[in-house]
Amino acid sequence: MATGQYKFKERACHSSIVIRDNLYVWGGEQTGLPDVHDNEEKRKFTSSVDTFHLPTSKWERKSTTGTPPSGVMSYACTHIGNTIYYFGGSCEVNDCYHNNLYELNTITNKWGEIVIS
C-alpha cells in the first residue's frame, strides 16, 4: 500500500452496495463510534462514506453534507441510479430502532431524509 493511501477500518452490522465501479459502505459498528443516540460527535463520525473502486482496488473516504441517518447499524439499503436509499437501523442505545428513510446522492454526496406520509 502506498504511503498516505486511505486504509478502510473493520466494521460489523453494516450494508454495502455497488453503483457503477464503486462499492459504497456506510455506518456499522466500528471502533470510535460514540455510544449515544445522537449528538454532534456522532454526526461528524458518520458524515462520510467509504468507497472501494473495483477496477483499482483502492479505498477512499468521501465527506458528505446534510444530516446522516441516526440508525447506523443493521439498516437496509438499496439504490436507484446514483442514489442510495437507507431504511431503518439501530443506534444500539437502549433498544432504539429507527423507521426513517434517507437518501444519499452519490454524485453530490448529500444526505436527505425522505418524509413518509
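Residues numbered from 1 in each chain as written. Predicted model: local features only at pLDDT ≥ 70, side-chain atom pairs only at ≥ 80, totals over all residues. Heavy atoms only, no water.

Trainee: Looking at this model, I keep getting lost on the packing of aromatic side chains. Mind explaining?
Mentor: Enumeration over the complete set of coordinates arrives at 7 aromatic pairs. Taking 5.4 Å as the distance between ring centres and 50° as the angle between the ring planes, the aromatic pair formed by W26 and Y75 counts as tilted. Remark: Y75 occurs in the loop between β4 (58-63) and β5 (76-80) and W26 occurs in strand β2 (residues 22-26); sequence separation between them is 49 residues. An aromatic cluster of at least three residues, connected via ring pairs, comprises W26, Y75, Y86 and W111. (Phe/Tyr/Trp six-rings, centres within 6.5 Å; stacked < 30°, edge-to-face > 60°. Helix = DSSP H or I, 4+ residues; strand = E, 2+ residues; numbered from the N terminus.)

Trainee: What am I meant to see in the sheet that holds strand β6 (residues 83-87) here?
Mentor: Strands belonging to one sheet form pairs held by backbone hydrogen bonds; the direction of such a pair is parallel or antiparallel. With antiparallel pairing, 4 strands are arranged side by side in an open sheet as β5-β6-β7-β8. Taken across any chain shown, the strands that pair with only one partner, and hence form the sheet edges, are β5 and β8 (110-114). Each adjacent strand pair in this sheet contributes to an overall mean axis angle of 25°, direction not counted. (Pairing = 2+ DSSP bridges. Axes fitted to C-alpha atoms, helices over the stretch in contact; angles between N-to-C directions.)

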